[in-house]
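# Secondary and tertiary structure notes
Next come the chains, spelled out residue by residue.
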Amino acid sequence: MQVQPATDADAAEIAATEAAAAASPWSRSAIEAFLDAPHAVALVARDGNEVVGHLLATAVADEGEVLTVAVRPAARRRGLARALLDAAEEAWRARGVRSAWLEVHERNGPARALYASLGWTEAGRRRAYYADGGDALVLERGLPPEGISRP
Ligand SMILES: CC(C)(COP(=O)(O)OP(=O)(O)OC[C@H]1O[C@@H](n2cnc3c(N)ncnc32)[C@H](O)[C@@H]1OP(=O)(O)O)[C@@H](O)C(=O)NCCC(=O)NCCS
């Protein structure tokens, strides 16, 4: 398994993972447009030649945001999402990002466990944010320049 920056050639596989894994999947055209944006932090996890996970995030000034992270069902619990988030932190630090945030559904147990294990903490709640009426938890992660700190 290896994590690499995403390229336009990965857009179809990223879209397939979104369709298989995400509650509100990104379309291929939205992914292609995003990959060309200067603020994009886009990473893929490969198993051999196959893209089985991805993370799309932004870096704007000193703030980062995770927009989507997903791993194909057959490739889960092998540390791919953790590796993608670690690589995002490295990319953010290289671009001067000092703090990052994301939104996660309050009932998304796997994702909440993932973020908690990586030191993300709850900073707020957006009530009835999702179409199913669920709240979004706003999580944040400080990125001190000296290196990764874990709880
Ligand atoms: C959430 C998701 C990205 C995790 O991907 P993954 O590659 O399986 O995660 P990892 O193997 O890196 O897991 C790292 C840690 O997260 C936690 N975790 C991940 N999945 C979990 C689950 N199903 N139950 C409990 N804890 C879980 C564990 O602490 C795990 O460490 P461990 O395996 O050593 O116990 C994946 O389940 C997914 O694609 N879900 C659908 C899309 C989604 O919800 N994305 C997040 C939107 S905010």
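Quick notes on the rules
- Residues numbered from 1 in each chain as written.
- Predicted model: local features only at pLDDT ≥ 70, side-chain atom pairs only at ≥ 80, totals over all residues.
- Heavy atoms only, no water.
- Helix = DSSP H or I, 4+ residues; strand = E, 2+ residues; numbered from the N terminus.
- Rg over C-alpha atoms; globule rule 2.2 N^0.38 Å.
- Buried < 20%, exposed > 50% of the residue type's maximum accessible area, 1.4 Å probe, protein only.
- Contact = heavy atoms within 4.5 Å.
- Core = buried A, V, L, I, M, F, W, Y, C linked by side-chain atoms within 4.5 Å.
- Near = heavy atom within 4 Å.
- Polar contact = N/O pair within 3.5 Å; in protein donor to acceptor, adjacent residues only side chain to side chain.
- Areas by Shrake-Rupley, 256 points an atom, 1.4 Å probe, with all protein chains shown as cover.
- Arc of directions from axis to C-beta.

### Some details on the overall build of the chain
Looking only at helices and strands, the chain features four helices and seven strands. For the chain, the sequential pattern of α-helices and β-strands runs β-α-α-β-β-β-α-β-α-β-β. For the chain, whose C-alpha radius of gyration is 15 Å, the value lies close to the compact-globule estimate of 15 Å for 151 residues. Taken along the three principal axes of its C-alpha coordinates, the chain extends 40 × 35 × 30 Å. The buried share among the 151 residues of the chain stands at 43%. Expressed as a percentage of contacts within the chain between residues at least 6 apart in sequence, the contacts between residues at least 24 apart total 59%.

### Remarks on the nonpolar core
Buried together is how nonpolar side chains tend to be arranged in soluble globular proteins. With 30 residues, the main nonpolar core has Leu55, Leu85, Trp92, Tyr115 and Trp120 as its most contacted residues. The element that contributes the greatest number of residues to this core is helix α3 (residues 80-94), accounting for seven residues. Other than its neighbours up to four places away in sequence, leucine 55 contacts Val41, Ala42, Leu43, Thr68, Val69, Leu84, Leu85 and Ala88. In terms of nonpolar packing, the next biggest core, distinct from the first, is built from 13 residues, Ala6, Phe34, Leu35 and Ala37 among them.

### Digging into the site of the ligand
Near the ligand, the surroundings consist of 19 residues, among which Val69, Arg77, Gly79, Arg82 and Asn108 are the closest. Alanine 81 is positioned with one of its backbone polar atoms (N or O) 3.1 Å from an oxygen atom of the ligand. Within the side chain of asparagine 108, one N or O atom sits 2.7 Å away from an oxygen atom of the ligand. Expressed as a share of its isolated accessible area of 920 Å², the protein-covered part of the ligand is 75%.

### Points about helix α1 (residues 11-21)
For α1, the complete set of buried residues consists of Ala11, Ile14, Ala15, Thr17 and Glu18. Considered in projection along α1, the buried side chains sweep an arc of 160° and stay on one side of the axis. Its buried side turned inward, α1 meets α2 (28-35), β2 (40-47), β3 (50-60) and β4 (63-71).

### Here we look at the side chain of aspartate 10
Relative to the assigned elements, aspartate 10 resides in the loop between β1 (2-5) and α1. Beyond its immediate chain neighbours, meaning those up to four positions away, aspartate 10 contacts Pro5, Val44, Arg46 and Val51.

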